[in-house]
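A look at the structure
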Amino acid sequence: MKTQLWKKALCLLLALAMLTALGACGGAAESAQESAASEAAASEAAPAEEAPAEEEAPAEPASLKDQYASLAGKTLKVATSGVQAGWSQDDGNGGIEGMDVDVMNYICDYYGINLEWVVADPTGIWGMLQSGEVDTIACVTTVNEDRLAAYWFTNTYAWESYSIVSRTEDGVPEAGDLDFWDGKTICTPAGSNPALILEDIIAQEAEKGINISAVYPDSSAVLIQNVVSKETDAALMVTSTCAYKVRDLGYTDTLTIQDIQWKNMPIVYAWNRVEENKEIIHAFNDLIAQMHEDGTLSGFSNKWFEMDITPLPAGEVEYVVPTGDDAWQSNE
């Protein structure tokens, strides 16, 4: 009897334990379900995080060729002398070569401009520009007061100075010593900027009692020969041309070159003052700036003169900067 009672009690205890375990499991499942539901609800309620937008790459700046596309196919007539050693000279095959030729060819090739060279006597080149026979000049062109009042110019693509070449046997003048030329004769091309410089030198020295005579041949091609043959005592020339010519002709040992320390001159392109020229002047200016920056102009200079005459000389300023209507004729 006791054994049966004990068995019944044990069964009752086991049943109670099973009920407790089932209740616990159910509660855990319900808790897990409730937690999952809560997380789902929170996920739906919370705004979705937006993926970061991809930044657009900055647009490539338009090239100068695109900016001035209207110039492509146009014809540009350019006057030059063909007698400026190192700048514009006979190439021996009926054509012309030199730094002025290289720079102009480069610019026209870049913009797709058809280039037509017009070789003419240097004394008549400015008249050709004024009459409209040509569009611009590539002939070691620089500015002076009269030209600034009559024409528009591009920015500077090279700088030049002046030198006097003479026979070493007659003495070697010190740099800047103009008194040395008292009683002597100096030649330089007629109608050129050096001719104006020589006139200024003669007038300045005359005030000190120094007398200098001038001879003005029609062509710069004869200057060195005039000195060698003793037709004149010396010749006033732009420095780079003088150095090039003396070296090229083999007169390094017999001729001497004096830096007269007179002034530096900006080398530019001249144009008539007509509205239609403004765009092409701006196009030239922008490309000239690029050619300064990337070394193209320095390369041309070293090719022809074995020196770089393109940087701004110490103490100088950019003379011609046509940045607006009021600046087209200014000497800034």
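Chains are numbered independently. Their residues run from 1 in the order of the written sequence. Only residues with pLDDT of 70 or above have their local features reported here, since the model is predicted, and side-chain atom pairs are shown and tallied only from 80 upward, although totals for entire chains, interfaces and linings are computed over all residues. Side-chain descriptors were evaluated using all non-hydrogen atoms of the structure, hydrogens and water having been removed beforehand.

**What to know about the sheet that holds strand β4 (residues 96-97)**
Rule in force here: Should DSSP find at least two bridges between two strands, the strands are taken to pair. Helix and strand definitions follow DSSP, with helices as H or I runs of at least four residues and strands as E runs of at least two, each counted in order from the N terminus.
Taken together, the three strands give an open sheet; going across it, the order is β2-β3-β4, and neighbouring strands pair in antiparallel fashion. Each of the sheet's edge strands pairs with one partner strand only, and the pair in question is β2 (83-84) and β4. When strand β3 (residues 88-90) meets β4, the two strands line up antiparallel, connected through two bridges. Looking across to β4, one finds that D90 is bridged to I96.

**Here's the deal with the packing of aromatic side chains**
Operational definition: In summary, the pairing rule links any two rings of Phe, Tyr or Trp, Trp by its six-membered ring, whose centres are within 6.5 Å, and it sorts them by plane angle into stacked for under 30 degrees, edge-to-face for over 60 and tilted for everything else. Placement of a charge over a ring requires the Lys NZ or Arg CZ to be within 6 Å of the ring centre, with the centre-to-atom vector within 35 degrees of the ring normal.
Evaluation of the coordinates by the stated rule reveals ten aromatic pairs. Consider the rings of Y106 and F300, whose centres lie 6.2 Å apart with planes at 75°: the pair is edge-to-face. Here Y106 is found in helix α3 (residues 99-111), whereas its partner F300 is found in helix α10 (residues 296-305), with 194 residues between them in sequence. Three or more aromatic residues joined by ring pairs make a cluster, and in this case those are Y157, Y269, W271 and F284. Here K65 stacks its cationic end above the ring of Y110, 5.1 Å away from the centre of that ring. Here the guanidinium or amino end of K184 rests over the ring plane of F180, the centre of that ring lying 4.8 Å away.

**Here's the deal with the confidence of the model for the protein**
The condition is simple: As a per-residue measure, pLDDT reflects the predictor's confidence and takes values from 0 up to 100. By the convention used here, residues are in contact when the closest approach between their heavy atoms is within 4.5 Å.
Averaged over every residue, the pLDDT of the protein is 83; the share at 70 or more is 77%. Taken element by element, the protein is modelled with least confidence in helix α1 (residues 2-45), mean pLDDT 47, and with most confidence in strand β10 (residues 185-187), mean pLDDT 98. Residue range residues 9-38 is modelled with pLDDT below 50. Its contacts to residues more than four positions away, or to other chains, number zero contacts. Scored below 50 in pLDDT, residues 322-332 shows 27 contacts in the model against residues more than four places distant or in partner chains.

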